[in-house]
Amino acid sequence: QTHGTRPFPCDRPRAPARQLADMDDDEGVAFEGETIKPLVERIVQKEIAPDYLWNAKSSDLQSVVIENILKELAAENENAAREGKRPFKFVVLCELQQNVGAGLANACTCHWDSSTDGHCVFKYETEHVQALVTVYGVQN
């Protein structure tokens, strides 16, 4: 998976994933896509079954995916806050389309502190559906 000539941010090799609450205060807790990617992947694969067929309620599926991701991220934030860590604000986008051979493109630009803020992109594809989920994490 590439984005232009660069790999997607979540596909780059990084240090082992850690939970937000496991990061030290003096590390300047940074949003790490690798920490969030398994959570996003689990939820997307649970909600969008491999045999899922595109139908009139497909737009509702986007809301379910987003809400479940945000719910789990909020729980992570609560754990981090209990341990004195600064929580993140999150933005979750979920793009779904019927898989009919058409491309699925996404672009963004952000003005933030790259030492603490970041994003993660997760692409999921079945025979019938393509999904692109982006999570932005911005330090409070």
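Residues numbered from 1 in each chain as written. Predicted model: local features only at pLDDT ≥ 70, side-chain atom pairs only at ≥ 80, totals over all residues. Heavy atoms only, no water.

Enquirer: Kindly report on the overall build of the chain, identifying the contributing residues and their values.
Expert: Tallying secondary structure elements over the chain gives two helices and five strands in all. For the chain, the N- to C-terminal ordering of α and β elements is β-β-α-α-β-β-β. Contacts in the chain between residues far apart in sequence, at least 24 positions, make up 69% of those at least 6 positions apart. For the chain, the accessible surface area stands at approximately 8,200 Å², while carbon and sulfur atoms represent 50% of it. (Helix = DSSP H or I, 4+ residues; strand = E, 2+ residues; numbered from the N terminus. Contact = heavy atoms within 4.5 Å. Areas by Shrake-Rupley, 256 points an atom, 1.4 Å probe, with all protein chains shown as cover.)

Enquirer: Lay out the state of the cysteines with the relevant residues and their values.
Expert: This structure, assessed with the given rule, holds zero disulfides. Cysteine 110 supplies the cysteine sulfur nearest to cysteine 108, a cysteine that is in no disulfide, at a spacing of 4.4 Å. By relative accessible area, which is 36% here, cysteine 110 ends up partly exposed. (Disulfide = S-S within 2.5 Å. Buried < 20%, exposed > 50% of the residue type's maximum accessible area, 1.4 Å probe, protein only.)

Enquirer: Go over the packing of aromatic side chains, please, and point to the residues and values.
Expert: Counted according to the given criterion, the structure contains five aromatic pairs. With a centroid separation of 6.1 Å and an interplanar angle of 35°, the aromatic rings of phenylalanine 88 and phenylalanine 90 are classed as tilted. We classify phenylalanine 88 as buried; its relative accessible area is 4%. Judged by relative accessible area, phenylalanine 90 falls into the buried class, the value being 17%. Clustering of aromatic rings is evident, with ring pairs tying together Phe31, Phe88 and Phe90. (Phe/Tyr/Trp six-rings, centres within 6.5 Å; stacked < 30°, edge-to-face > 60°.)

Enquirer: An account of the nonpolar core is requested, with residue identities and associated values reported.
Expert: Membership of the largest hydrophobic core comes to 25 residues, with the highest contact counts inside it found for Val40, Val44, Ile48, Ile69, Leu73, Val133 and Val135. Contact partners of isoleucine 69, with chain neighbours within four places excluded, come to Leu39, Val40, Ile43, Val92, Val133 and Val135. (Core = buried A, V, L, I, M, F, W, Y, C linked by side-chain atoms within 4.5 Å.)

Enquirer: Hey, could you go over the pairing of strand β5 (residues 129-139) for me, with residue numbers and the actual values?
Expert: With 10 of 11 residues buried, β5 lies mostly within the body of the structure. Across eight bridges, the pairing between strand β4 (residues 118-125) and β5 is antiparallel. For lysine 123, the partnering residue across the bridge sits in β5 and is leucine 132. Once β4 ends, the chain turns through three residues before running back antiparallel as β5. (Pairing = 2+ DSSP bridges.)

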